[in-house]
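Examination of the molecular architecture
Spelled out, the chains give:
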Amino acid sequence: MEVKFIKPTQELIEAIAADMRQADADEVWASNHHTPIESLMRSWKVSNRSVIVTVNDEPCVMLGLVIHDILSGTGSPWLLGTENALKYKRHFLTEVPAVIDEMLAICPSLFNYVHTENKVSMKWLEWIGFTIDEPLPYGCDNALFHKFTLERT
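What you are looking at is a predicted structure, and each value in this text was computed from that prediction instead of being measured.

For the protein chain, the helix and strand inventory stands at six helices and eight strands. Since a compact globule built from 153 residues should have a radius of gyration of about 15 Å, the 14 Å found for the protein chain is in line with a globular shape. Counting only C-alpha atoms and orienting by the principal axes, one finds that the protein chain spans roughly 35 × 35 × 30 Å. Burial analysis of the protein chain (153 residues in total) assigns 46% to the buried set. Across the protein chain, contacts joining residues at least 24 apart in sequence account for 64% of those joining residues at least 6 apart. For the protein chain, the accessible surface area stands at approximately 8200 Å², while carbon and sulfur atoms represent 52% of it.

Okay, here's the thing in structure tokens:
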């Protein structure tokens, strides 16, 4: 298996959007009423850093960091993936944490929100070391989301 971290392109973003995991698509709709392509394009534009992860040249996930306040060191990581990414989840568990470490070097306090129905993402976040809070209403539909946080130690 060859895992690569590459610069996003319109073509790669469209490929991920076309095969976005249903739980991720549901999450971006519940939070902002965005379609998969709208969410990926907007996230790409507002992110200070973003990358697409390919496995054997297949685009599987896109992730990034939005810096909120450089003085306080707060930022929001995000990750949206394809259905096919699940077949490579072991590789993501070993490769993507290095990207999270890079994010923590930029913003020592990371936070974002995950939809309560996005169980795979919650397990992955916990495995990386994020703290997941109790669910609260969030987003356009006031659906239940968990705030997740990670502080550089």
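Turning next to unusual backbone geometry. Here H33, not a glycine, exhibits a phi torsion of approximately 55 degrees, which is positive. By secondary structure assignment, the location of H33 is in the loop between α2 (22-32) and α3 (36-46).

Bringing the pattern of salt bridges into the picture now. Taken as a whole, this structure holds two salt bridges when the rule is applied. Between D57 and K4 there is a salt bridge, with the nearest N and O atoms lying 3.1 Å from each other. Here D57, found in the loop between β2 (49-55) and β3 (58-69), pairs with K4, found in strand β1 (residues 3-6); they are 53 residues apart in sequence, far enough to count as distant.

With that settled, the discussion passes to the packing of aromatic side chains. Following the criterion strictly, the structure yields three aromatic pairs and no others. Taken together through their ring pairs, the aromatic side chains of Y113, Y138 and F145 make up a single cluster. The ring of F111 is capped by K147, whose NZ or CZ atom sits 5.1 Å from the centre of that ring.

Definitions and limits used
- Residues numbered from 1 in each chain as written.
- Predicted model: local features only at pLDDT ≥ 70, side-chain atom pairs only at ≥ 80, totals over all residues.
- Heavy atoms only, no water.
- Helix = DSSP H or I, 4+ residues; strand = E, 2+ residues; numbered from the N terminus.
- Rg over C-alpha atoms; globule rule 2.2 N^0.38 Å.
- Buried < 20%, exposed > 50% of the residue type's maximum accessible area, 1.4 Å probe, protein only.
- Contact = heavy atoms within 4.5 Å.
- Areas by Shrake-Rupley, 256 points an atom, 1.4 Å probe, with all protein chains shown as cover.
- Salt bridge = Lys/Arg side-chain N within 4 Å of Asp/Glu carboxyl O.
- Phe/Tyr/Trp six-rings, centres within 6.5 Å; stacked < 30°, edge-to-face > 60°.
- Lys NZ or Arg CZ within 6 Å of the ring centre and 35° of its normal.

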